[in-house]
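The lines below spell out each chain.
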Amino acid sequence: MFDLSKLGDMAKLANEAKHMQEKQEYFQKEQIELLKKISKQLEELINLTKNKD
């Protein structure tokens, strides 16, 4: 027969997995923004160094 308690456990696991995925996506976006900022600062530094010569 069909065990409803296992269905509840599966739903709980799926919900937890969804929350973990949302957290991972949030942190990935944060990392991307930080990398963009670092990249922009490096470009500015390179340009300043080139213009010094």
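Here, the structure is the one placed above.
An account of the accompanying structure is given in this report. (Residues numbered from 1 in each chain as written. Predicted model: local features only at pLDDT ≥ 70, side-chain atom pairs only at ≥ 80, totals over all residues. Heavy atoms only, no water.)

### A short note on the overall build of the protein
- Helix and strand counts for the protein stand at one helix and zero strands.
- For the protein, the C-alpha atoms occupy an extent of roughly 80 × 10 × 5 Å along the three principal directions.
- Taking all 53 residues of the protein together, the buried fraction comes to 0%.
- Approximately 5,600 Å² of the protein is accessible, and the part contributed by carbon and sulfur atoms is 60%. (Helix = DSSP H or I, 4+ residues; strand = E, 2+ residues; numbered from the N terminus. Buried < 20%, exposed > 50% of the residue type's maximum accessible area, 1.4 Å probe, protein only. Areas by Shrake-Rupley, 256 points an atom, 1.4 Å probe, with all protein chains shown as cover.)

### Examining the packing of aromatic side chains
- The final tally for this structure, using the stated rule, is one aromatic pair.
- Ring centres 5.6 Å apart and planes at 65° place the aromatic pair Tyr26 and Phe27 in the edge-to-face group. (Phe/Tyr/Trp six-rings, centres within 6.5 Å; stacked < 30°, edge-to-face > 60°.)

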